[in-house]
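# Survey of secondary and tertiary structure
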Amino acid sequence: MRAAKLFIFFLVVFTFVFLTGCFGSRETDENAFVLAMGFDKGEKDNMVVTVSIANPKVIAGMAGGAGGGAKEGGKNVIVQSVETYGPITGIEQLSTATSRHLSLLHTKAYIFSEEMAKEGLAFWFSTFSRHYELRATSYVFVCRGKAKDFLEKNQPPLEISPTKQYELIGSLSEAHGLYQNVMFKDFYQDIKSWTTQASMPLVAIHEGGLETAKPGVKKGGELTLGKYIAGEVPITGENKAQFDGTAVFREDKMVGTLNGEETRYYLMLRGQFENGYLIMLDPLVAELQGVGLIVHQARSPKYVTRINEDGSVTIDVDLYLEADLAAVLSGINYESPDNKPIIEEAFSEKIKEGCQKLIKRTQEEFKSDIFGFGQQVKGHFWTMQPWREFDWLNRYPEAQVNVTVHTRIRRTGLQLKTSPAHGGE
Amino acid sequence: MVKIIKEGTFGPGEAIILLGISNIARIFLSYPRSLVEIGGSAAWMTPLGGLAAALAGIYLMSLVLKKSPGSTIIEITEMVFGPFIGMAVNILIIAHILEMGGALFIREFSEAMLITTLRFAPISVIDAVFLAMGLLGAYLGIEALARTARLIYPYILGGLIILIFTLIPFWNFHNLLPVFGKGPKEVFLLGTYSTAGIAEIIIAGVIVQAMGGAEIFARIGYRSMLIGFAFLIITLAVLVLTYNWPISEEFTLPFLRLARTIYLGRFIQRLEAIFILVWVFVGALKIALLLYGAAVSLARSLKLPDYRPLIWPLGLAMFILGLLPLDMLAAIKLDIVYLRSFVLIPNYLLPLLILAVFWFKGRRERAGS
Amino acid sequence: MSILKKMLSIITYQENTSREGFVLEETADDRQTGQKAGTSPERKAAGEYGEPEAVHGREERAPAGRRSFKKPVRPLNKAGDKSQKIKNSSTEGRQADQVSSQAKGEPLINELSVSSSLAKNRETIEELYGLPDNKDIIVRDIVIGTNPEIDGFLVYVDGLVDKSVQDLLIQALIIFAARPAPQDKGKLALYVKERLLPGNQVSTQSRFRDILDAVNYGDTALFLEGCAEAVLVETKGWEHRAVEKPVIEQILRGPQEAFGETLRTNTALVRKIIKNENLTTELLKVGARNRVNVAVMYLRDVANPSLVAEVKRRIESIKTDFIVDAGMLEEFIQDSPYNLNPTILATERPDRAAASIVEGRVAIIADGSPFALIVPATMYEMLQTSEDVYSRWQLGTFIRYLRILALYISFLAPGVYLSVVLFHHEMIPTELLLAIAGNRERVPFPSVIEVLLMEISFELIREAGLRIPGIMGTTIGIIGALILGQASVQANIVSPILVILVAITGLSSFVIPYFSLAFTLRIYRFIYIILGTTMGFFGIALGLFSQIILTANLKSFGVPYLAPTGPRTVGGADVVTRLPVFFHEKRPDYLNPREIIRQPDISRGWLKQKDGGKDN
């Protein structure tokens, strides 16, 4: 009798455990992993959702070797699109065409097209924020043109796995500062925040080759290398995707773009600029020659804010930059202690001009405080109510911002003296 | 007083850790979210008032327990209020509240587990698993629970420290401004009211004999309250530093969200599964402790020789009661609105009442003699 | 005509008159036991379903009683009424033993004593031993050469005695015993013992039970005419294995001697290391039919007397038929036989046993078993080897941490792999996940089946490796590697990542020094596989919590199993991190020994003074 009871007990336990379908366990071959998602504005419905699905056979075959064979045929991602109401409905509809569950657990990049960004992204972000499978540390981009085209044509030849591209982009942003690195959670915070406005890096596909080159300084154009935004940089080759520039948002709608150089000033003002190669005009030479400097930010900028009696705000920003002399095309010996301060002065002036222009542009054209000056002003208030009533985001366009730049040239590379090119006297 | 039930004993170190871990358990649920709602960017200040109230509560309880060393709060209640009212008070207030607390905790932990990993499992299964762990723990006795707590605490502490250190790159100290958040009145008053509602004081009162008696009760109590509230303050601070407070208000499970944000390069991401281990340990310990407390208090008030036969019915009742709220929101609302208020009664009002009665009796005796 | 007869005999039916084959019939008392057991609820141990005897159309067998489970006897309080319960359980449990022994009248033997008449003694001996059928037992008549002469006979078991000693014995009695015999025949045995016999252990006994025990063990018994006592001379000398290297616990640095099967050799090996007069060896006898000698060794001025008393109490209260190995003894005396973790440490190295004795533990050595049992044992001891102590402390500490890592890997790795691959895809980096997914595309089985296949085949390889004769031993390596590893990957039955996983798990389980604990972990591994498959990390957490709380609750002879971290006693200097030897000042605190300090604070005298502290 006891035997029977024990047996039935164990039978119940095992049935119970195994018959409930193991509570949603999914084998890896029942899942299709979406690596990047793109959103376009749709014609008939709200949006066109494009997913880039990983093809594990090919990726494992390329990386491993147990299967043998050089080219297995087939790409390492599969791109599919559907026109639908929203992102989650899009995923559901796409699963009618794929044989597996689509899983967003490894989606590392969300790409929104410019048109969609101009209409507002708040709904879609809060949908995603509630979604279980979201990775809050995935990257978000704005795409010029259609995101569908971007995902289809983005085939970095050096990468086996596409997600590596998006992850490495982050570290590249620290290397030159031509675009910034925005995670999902940062953008989401900035949408809902009362102190800062959001921004996203720009991506695009470039079909044109070298034709889109803009005129250089000798032909009347600008000197800097950051004068392009994504999609305009004149590069040919197999790799068509380009990352350059920033999209500026007010609340959740996109209101404009910044090119690479302006992005650098923006990052400097935020204190997030790491490294970059900047060119400036040689101050001691009449013709338009360039001096190249490798710049990085030595310390976080210092902010001093004042709220005057009439409610207007004055902000003084001090930027501290350190530069290494990289190229002197005119041959003047800038390493000597007499000439060095000249360069430093000129460089500080140039940066200050650039920053002031950028700030004016955000105040007048975009009317959005993407720099986060609000965080500094917030310190004047003790509780939340007065701060809310102060309504910084609408007062920003009237704020007075003064930028001062301090540059020091620390090192001069591997050359300590530049001799003139025509052999000694 | 007659020591009816044989309990093991354990040292003060283990007692502090056991009560501290039990106090931490609510951090892993949606409790910090409601504190951020109350305090805004000053959410980390809200538990300060609660800490002061909890320390005062420990002091009061230790005064009560010193009146009759060698017995727990149950026997003291009977001594003070008389046999019938005393038994009624014991059952209705102490055993009942512990039971309700346990039921609600089982429900909340299972909901948290569902949201985190096993999305498609029926909730009764996860409830049953937690219940089984609680039953095992309560059956093996308080000594086993204390030893387990001692063995587990490095992992819990380590988990929290890892969380703090890996999130440092994302911290933004301006999120803590404005300093007083939604206003000092709201922060301190409402905050105190919300955070003072802990069940540990009464549980400590019930298991006081196993911990070593009334003399070191105060020391144990102070330290475990400090540990629990320190964890809460640190978690809230990290939460607001990482995500600014309008967003922190939105998360169902803030701790889960923090764990998901860990990002150390390409390889170490989304490690929340490791934190599941920590949660399950803390949850199972707390449920076992509540079940044990309820069973022992019921057994002592009914003067039964052993508490173990009561574990199964009380556990089953916890399980069923836990399934009663219709949805997760109802469970959370029950927690915020009802449990936190009701649990103040045995923790603070009961010792105050007992002390008042003692004082009155003392006055009458002094007046009489 | 004969050919016709032969053909007829082939095609006609011939009745089979030969016996049907050997059938084991019930004996009288077996039937009795069956009837008795049918009415009483206690029967054989739980879990046995099939019929115990072959059924060949037997009508007169008593109907076997309903197979009801015998409740495992759980002593109510582990310290309290255990003795009573054991008496009750032993009387109920081993009914067969008692009934059959009643049939043979064995208790009568216990009261038989030697009589003065030699002929009667000889009759008794012949009856007890079943002579003359029993050819092992030799009875040799002698005449002792005193004057007047005395008749007598020797009884011994051929094969168990040392012939040369016996020669001396008989010589002494027959040839060199030219002395006057004492008048009082009763004191004859004493006289012989003191003056005539050259054996080095001589005693006189008057009860047949003791005489039989001694003769069965290898002594020679001398019966004398007119004396109501017999003289027992110690002449043990049988074939035994020499002291060899340890088989299971091999270390690089340290002594390479191991226990053998002879009790005296084993105790001598321990005495060789602890040359102390306080080392006490108590001998107890266990077992009804094979009367095994069990030695309990401890240091009188260090070990806790209540511990020793408890050990002796448990061993003496065992009532069973037959104990061969220390493993059976371990099962009888251990605290929680139903818990998977072992609570008693078995070692085959005398230096380890000696070190434990000096710490304050008790060593139990059973005759016939090359393993000594050390009690009490905590889990940390099972993860230590002597090598950690004999090597430098950095090496010891490093290897110990490595062992702890191996401990976790050996039972958690497959479960964690399964829960990550089935539930928590987000935990692993994308490239790794895609590699795993790509490799698993070709495999037809679900992950669980894959893992179980590999695990079971690994267990099969392991067991087969034990049984294979040495000649074919190398073949197993080839079979294992080739067939089960490489070929199954190429046939797409398992994915290569899984082969790596199972190999690492198997390796880790070999790193655990104590084999019993390694077996336990093998079983845990299967439990965690099931938990990881059904509930992911939640299941693993559930398993870990239950395991921690059950293990923390375990006690080994009054010492908590996870001391010194379980209940936080004073941390020892030798638990995980091994401090240098000059820091080991105290014995482990949880043993509560009589003397806890074993080294003074400054144990290296040469640090203080130039001449090493010697007086000049």
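Residues numbered from 1 in each chain as written. Chains lettered and ligands numbered in written order. Predicted model: local features only at pLDDT ≥ 70, side-chain atom pairs only at ≥ 80, totals over all residues.

From N to C terminus, chain B includes 17 helices and two strands. Here chain B has a C-alpha radius of gyration of 21 Å; the compact-globule value for 369 residues is 21 Å, and the two agree. With the principal axes as the frame, chain B shows a C-alpha extent of 75 × 45 × 40 Å. Relative to its full complement of 369 residues, chain B shows a buried share of 57%. In chain B, the share of contacts with a sequence separation of at least 24, taken over all contacts with a separation of at least 6, comes to 83%. (Helix = DSSP H or I, 4+ residues; strand = E, 2+ residues; numbered from the N terminus. Rg over C-alpha atoms; globule rule 2.2 N^0.38 Å. Buried ≥ 20, exposed ≤ 12 C-beta atoms within 10 Å, placed from the backbone. Contact = placed C-beta atoms within 7 Å.)

When its secondary structure is counted, chain C shows 21 helices and twelve strands. A total of 616 residues make up chain C; the buried ones form 32% of that total. Expressed as a percentage of contacts within chain C between residues at least 6 apart in sequence, the contacts between residues at least 24 apart total 67%.

In this complex, chain C contributes 23 residues to the contact, which on the side of chain B involves 28 residues. Its residues assigned to classes, the side of chain C that touches chain B comprises 15 nonpolar, six polar and two charged. (Nonpolar A, V, L, I, M, F, W, Y, C, P; charged D, E, K, R; others polar.)

Attention now moves to unusual backbone geometry. Pro-132 of chain C follows Leu-131 of chain C through a cis peptide bond whose omega is 0°. Locating Pro-132 of chain C in the fold gives a position in the loop between α6 (118–129) and β1 (137–144). Going from Val-375 of chain C to Pro-376 of chain C, the amide bond is cis rather than trans, its omega being -10°. Mapped onto the elements of the fold, Pro-376 of chain C is located in the loop between β10 (372–375) and α14 (379–382). Of note in the backbone geometry, Lys-303 of chain B takes a positive phi value of approximately 60° without being a glycine.

Moving on, we get to the environment of Asn-293 of chain C. All names here are of chain C. By the element assignment, Asn-293 lies in strand β7 (residues 292–299). In this structure Asn-293 comes out as partly exposed when scored by C-beta crowding, with 17 C-beta atoms within 10 Å. For the pair Asn-293 and Arg-253, spaced 40 residues apart in the sequence, the C-alpha separation amounts to 33 Å.

A separate point is the interface of chain A and chain C. Opposite the 25 residues of chain A that make contact, chain C presents 26 residues. It is helix α2 (residues 56–63) of chain A that provides the largest number of residues to the side of chain A that touches chain C, a total of six residues. Grouping the amino acids of the side of chain A that touches chain C by side-chain chemistry returns eleven nonpolar, nine polar and five charged.

Here we come to the nonpolar core. Here is a general trend for soluble globular proteins: nonpolar side chains tend to be buried in one another's company. The biggest cluster of nonpolar side chains holds 319 residues, and the ones touching the most others in it are Ile-111 of chain A together with Leu-291 and Ala-295 of chain B. Considering every element that reaches this core, the biggest residue donor is helix α14 (residues 272–301) of chain B, with 21 residues. Not counting chain neighbours up to four residues away, the residues in contact with Ala-295 of chain B comprise Ala-138, Tyr-307, Leu-310, Ile-311 and Leu-314 of chain B. (Core = buried A, V, L, I, M, F, W, Y, C linked by C-beta atoms within 7 Å.)

Attention now goes to the sheet that holds β10 of chain C. Residues and elements named next belong to chain C. The sheet built from five strands is open, its strands ordered β6-β7-β9-β10-β8 with antiparallel pairing. Edge positions in the sheet fall to β6 (279–286) and β8 (345–347), since each of these pairs with one other strand and no more. Strand-to-strand twist across the sheet, computed as the mean angle between neighbouring axes with direction ignored, equals 25°. Sheet topology note: the β6/β7 ladder contains eight bridges and is antiparallel. Note that in β7 the partner of Thr-280 across the bridge is Tyr-298. Here helix α12 (residues 326–333) sits on the sheet and contacts β6, β7, β8, β9 (362–366) and β10; the angle it forms with β10, its principal contact strand, is near 25°. (Pairing = 2+ DSSP bridges. Axes fitted to C-alpha atoms, helices over the stretch in contact; angles between N-to-C directions.)

A separate point is the sheet that holds β1 of chain C. Consider a sheet: its strands pair through backbone hydrogen bonds, and that pairing is either parallel or antiparallel. Residue and element names in this part refer to chain C. As summarised here, the arrangement of the five strands in space is β1-β2-β4-β5-β3, forming an open sheet in which the pairing is antiparallel. Of all strands in the sheet, those bounded by a partner on one side alone are β1 and β3 (202–205). With strand direction ignored, the average angle separating the axes of adjacent strands in the sheet is 25°. Bridge count for strand β4 (residues 220–224) against strand β5 (residues 230–233) is four bridges, and the pairing is antiparallel. Of the residues in β5, the one forming a bridge with Thr-220 is Val-233. With respect to the sheet, helix α7 (residues 163–174) is in contact with β1, β4 and β5, its orientation differing from that of β1 by roughly 30°. Packed onto the sheet, helix α9 (residues 208–217) meets β2 (150–157), β3, β4 and β5 and runs at close to 55° relative to β2.

Attention now moves to the confidence of the model for chain C. All names here are of chain C. Looking at chain C as a whole, its pLDDT mean stands at 78, while 80% of the residues score no less than 70. Put simply, helix α3 (residues 82–93) is where chain C has its lowest mean pLDDT, 39, and β9 is where it has its highest, 93. A low-confidence stretch, residues 75–106 (pLDDT under 50), is modelled with 26 contacts involving residues beyond four sequence positions or located in other chains. Per-residue pLDDT stays below 50 along residues 612–616; that stretch engages in six contacts with residues further than four places along the chain or on separate chains. With a pTM of 0.83, the predicted complex shows an ipTM of 0.90. (pLDDT = per-residue confidence, 0-100.)

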